[in-house]
Amino acid sequence: MTVAGATARPVAPAASTPAAPRDRGARRRRRRQRGKEAAWAAFFLAPTALGLGVFYLWPVLQTFYYSFTTWGPFGGHTFSGLANYRALAHDPDLRSAFVNTLWYCLLGLAGIPVALVLAAVLARPGRRGVGVYRALLFLPVVTMPVAVAIVWRWLYAGDYGLINTLLAKVGIHGPYWISDQSTALIAVALVGLWSSVGYTMVILMAGLESIPRQYYEAAQIDGAGPVRQFFALTLPLLSPSLFFVTVLSVIGTLQTFDLVYVLIGQTNPALPQTRSVVYLFYQDAFVNNNRGYAAAIAFVLLLVTVALTGFQFRLQKRWVHYA
Amino acid sequence: MRSLRGSRGSIGAHTFLVAASVAMAGPFVWELLTSFKTLTEATRVPPTWLPPHWHGAGYSSVFDTVPFGGMLVNSIINTLARTAAQLLFCSMAAYAFARLRFPGRSLLFGLFLSILLVPSQLLIIPQYQIIQSLHLLNTRTALFLPGMFSAFGTFLLRQFFLAMPAELEEAARLDGAGPLRVYWSVMLPLARPGLIALGILTMIWSWNDLLWPLVVNTDPHKMPLSAGLASLQGQFMTNYPVLMAGALMATVPVIVVFVILQRRVIEGIALTGTKG
C-alpha cells in the first residue's frame, strides 16, 4: 500500500539526472553506484546464499543423483540407472507407506473444521476468557512431539491406559489402540490432530478478527441469519486463511515421522499399517544403509509434495477470494 | 427473552470450550500425576487419580539413565544458535532482496523460493555426508549447522521489509548512512514483530526437531532432549512414571517460555498466517 507511493519518488540523487549523452561523468558515477550496491547485496546475501547452497540446494541435486545409484555395505556406490525406481514400483512396503501417509494427510485435514469451530466460538466479540482458552488449546503446539507421543502411548495403553479406563466406565471395552492393526493409524493421526489443532485455530482466529464487523451488521439488516452469514460472508472472507492452513497441513502431514517413531516403534505389530514414507526413508537410509534406494524414496515423496502443493495452488482460483 | 437466549448460548459455548480445553490440557495433568507415582501405583486397576504418596524416584531414574543435564545444555545451545543465526542471516538476505538492486536478483530469489518447497527432512543423506566429511558427527555444531540458514525466514522477513515505508530509509540515506547502517538502525527496529515471529517459530522447531539429531549424534552426551527422550523410551518401554518424568522435564522449559511470552507467541503465529 504505502510501498507503491514511496517507490514512485526518486530514490537516489544520481538517478534523478537525465542521461544526457555528453554527461559521461554522471553515467560513470551511476555505474559505480550500482556496482557499490551490488557489492553490498553480495555482503548481505553471502551467509544465507552460501548456507542454503551447501546444505539445501546442493543436497537436492545430490539426492537426485544418489537415487540412480546402488550402495555397497561399506559406503561405496555405483551407478545403476533406474534400478531403484523399478524396485520402488513393486515394493509393497513403499505402497503401504504412501497409503498410510495419504491417510495422515486426509485425517489431518479433518482438523481444520474442528479448528474453525473453535476459532469461531472464541472469536465472537465479547467472549470472556479468550486468553486462557486460547493458551490451553495452544499448549500442545509448543510441546515436543517426542514428549507428546510418550504421553499418548501411556494414555492409549491397553490395560492401564486412561482412555480405556474412561471407556470402561460407559461399558465399552477399548482395544489396544496402538498395537491393534485396525486402530493404530487412527490413533497416530488423532495425536497429530490434537497437537496441531491449536496452531490452525490461532491462524483462523486472526483471519476471523480481520473481517470488518460492519459486514455482519449489513447482512443482518438484509435479513441474513447466522447460517447464511457463515456461508455467504465468513467462509469466502476467511478463504485465504483456510487456503494457507490447508497447504501447511498437507505439507506437514506428508512429513509424518516423529509420532510414528515414538508412538509405534520398531517392533510394534502394527508398524506396516502405520509406517509413513519418511519413516521408511529413515530406515532405508540410516538403519539398512541402503542410501540409493532411500534417495529414490525421498525424491518420489518430494515430487508428490510439489505436485499436491501445485494442485492446491491451481485449485485455489476456484474457491479462494482475495479481498 | 433475548438476553435469556444469549446467556444460554454463552453457557453452551463455555461448556464446549471447557471440554476442548480439558481434552488439550488433560494429558499434561495425567503426565504430571503419573510422574510422581510408582510403577505399581501407576498400573493399578482401576487407576487412582492422585499419587497416594508423591515419589520422586521417576525423576532420579531419568538422571541415572541418561545424561539429562548435558542433553538440556545441548538443546539450549542448539536452539539459541539456530535462532540467533537465522535472525541475523535471514534478515540480512531479506534486506538485500527487498531493498537493494543487483543483477540476478529475481533468479536468486526464485532459487530460494524453490528451497521453500523442499521438505528439509528429505535432504538428510547429503547433509549427513557433509557433516561427516567435516568431522563434525557427534558434536554440538552438527546439531545446529544446517539449521542456521532458512529460506522460509528470508521469505518471511522480506515480506516485512517490502511492506515498510521507504521514507525513513531515504531520510537516513540522505543523512549519509550506508546500507549497513540503514539495515541495522532503521530496518531491523522496524521489523521487530517479524523478527519476534521468526524467532519464536525457529525456537519451537529447533527445540522439538528429532530426525536430524537422531541421525548425526548417536552419542547420548551429544544428543538434545528430543533424541534423548526417544532413547529413554527405548530403555523404559513400559515404565511410565520414569517416561512421564522425562517427557515433562523436556517440555517444561518450552512451556515456561510459552506462558511468559504467550501473547507474543500467539501474535507471531497469527502474523505468519497473514504475511506468508
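Everything numeric in this text was worked out from a predicted model, so none of it was measured. (Residues numbered from 1 in each chain as written. Chains lettered and ligands numbered in written order. Predicted model: local features only at pLDDT ≥ 70, side-chain atom pairs only at ≥ 80, totals over all residues.)

**What to know about the overall build of chain B**
In terms of helices and strands, chain B carries 14 helices and zero strands. Secondary structure elements of chain B, listed N to C terminal, follow the sequence α-α-α-α-α-α-α-α-α-α-α-α-α-α. In terms of overall dimensions, chain B is more spread out than a globule: its C-alpha atoms have a radius of gyration of 24 Å, far above the 19 Å expected for 276 residues. Projected onto the principal axes, the alpha-carbon positions of chain B cover approximately 75 × 75 × 30 Å. Taken over 276 residues, chain B has a buried fraction of 45%. (Helix = DSSP H or I, 4+ residues; strand = E, 2+ residues; numbered from the N terminus. Rg over C-alpha atoms; globule rule 2.2 N^0.38 Å. Buried ≥ 20, exposed ≤ 12 C-beta atoms within 10 Å, placed from the backbone.)

**What about the overall build of chain A?**
A tally of helices and strands in chain A yields 16 helices and two strands. Based on the C-alpha atoms only, the size of chain A along its principal axes is roughly 90 × 75 × 35 Å. In chain A, the proportion of contacts linking residues at least 24 apart, taken out of those at least 6 apart, comes to 70%. (Contact = placed C-beta atoms within 7 Å.)

**Examining the domain arrangement of chain A**
For chain A, the assigned domains read domain 1 (13-54) and domain 2 (92-319). Measuring from the centre of the C-alpha atoms in domain 1 of chain A to the corresponding centre in domain 2 of chain A gives 47 Å. (Domains from an automatic or database assignment.)

**What about the interface of chain A and chain B?**
Listed by partner, the interface residues are 74 residues for chain A and 78 residues for chain B. Top contributing element to the side of chain A that touches chain B by residue count: helix H3 (residues 24-66) of chain A, with 20 residues. A class-by-class count of the residues in the side of chain A that touches chain B yields 57 nonpolar, 13 polar and four charged. (Nonpolar A, V, L, I, M, F, W, Y, C, P; charged D, E, K, R; others polar.)

**A look at the packing of helix H4 (residues 68-99) of chain B against helix H11 (residues 192-208) of chain B**
All names here are of chain B. Where H4 meets H11, the axes come as close as 9 Å, and the angle between the chain directions of the two elements is 145°. Helix-helix and strand crossings are classified by hand; for H4 and H11 the assignment is right-handed. Every residue of H11 that contacts H4 at Ser75, Asn78, Thr79, Arg82, Thr83, Gln86, Leu87, Cys90 and Ser91 is listed here: Leu195, Leu198, Gly199, Thr202, Met203, Ser206 and Trp207. When grouped by side-chain class, the residues that make up the contact of H4 with H11 number six nonpolar, nine polar and one charged. (Axes fitted to C-alpha atoms, helices over the stretch in contact; angles between N-to-C directions. Left-handed = near helix turned anticlockwise from the far one by under 90°.)

**Things to note about helix H6 (residues 124-133) of chain B**
Burial in H6(B) covers these residues: Ile124(B), Ile125(B), Pro126(B), Gln127(B), Tyr128(B) and Ile131(B). If you follow the buried residues of H6(B), they end up packed against H3, helix H15 (277-287) and helix H16 (291-319) of chain A together with helix H7 (140-144) and helix H12 (211-216) of chain B. Within two residues after H6(B), His135(B) carries a phi angle of roughly 55°, on the positive side.

**Section: the environment of Ala38(A)**
Position of Ala38(A) among the secondary structure elements: in helix H3. Along the sequence, Ala38(A) and Leu57(A) sit 19 residues apart, while their C-alpha atoms lie 23 Å from each other.

**Some points on helix H13 (residues 225-235) of chain B**
Within H13(B), eight of the 11 residues are buried, which leaves the element mostly enclosed by the surrounding structure. Within H13(B), burial applies to Leu225(B), Ser226(B), Ala227(B), Gly228(B), Leu229(B), Ala230(B), Leu232(B) and Gln233(B).

**What to know about unusual backbone geometry**
In this structure, Asn289(A) is a non-glycine residue whose phi angle is positive, near 50°. Secondary-structure assignment places Asn289(A) in the loop between H15 and H16. Phi angles above zero are rare outside glycine, and Asn138(B) is one such case at about 60°. Relative to the helices and strands, Asn138(B) is located in the loop between H6 and H7. Residue classification places Asn138(B) among the partly exposed residues on the basis of 15 C-beta atoms within 10 Å.

**Considering the nonpolar core**
Among the nonpolar cores identified, the biggest contains 160 residues, and Val188(A), Val202(A), Leu263(A) and Ile297(A) are the most heavily contacted of them. Top contributing element to this core by residue count: helix H14 (residues 240-275) of chain B, with 16 residues. In this structure, Ile297(A) is in contact with Leu88(A), Leu94(A), Val277(A), Leu280(A), Phe281(A) and Asp284(A), ignoring residues within four places of it in sequence. (Core = buried A, V, L, I, M, F, W, Y, C linked by C-beta atoms within 7 Å.)

**Re the environment of Val66(B)**
Residue and element names in this part refer to chain B. Considering the arrangement of structural elements, one finds Val66 in the loop between helix H3 (57-65) and H4. Given 20 C-beta atoms within a 10 Å radius, Val66 is considered buried. Placed 60 residues apart in sequence, Val66 and Pro126 show a C-alpha to C-alpha distance of 29 Å. Dropping the residues within four chain positions of it, Val66 is found in contact with Met71, Pro220, Gly228, Ser231 and Leu232.

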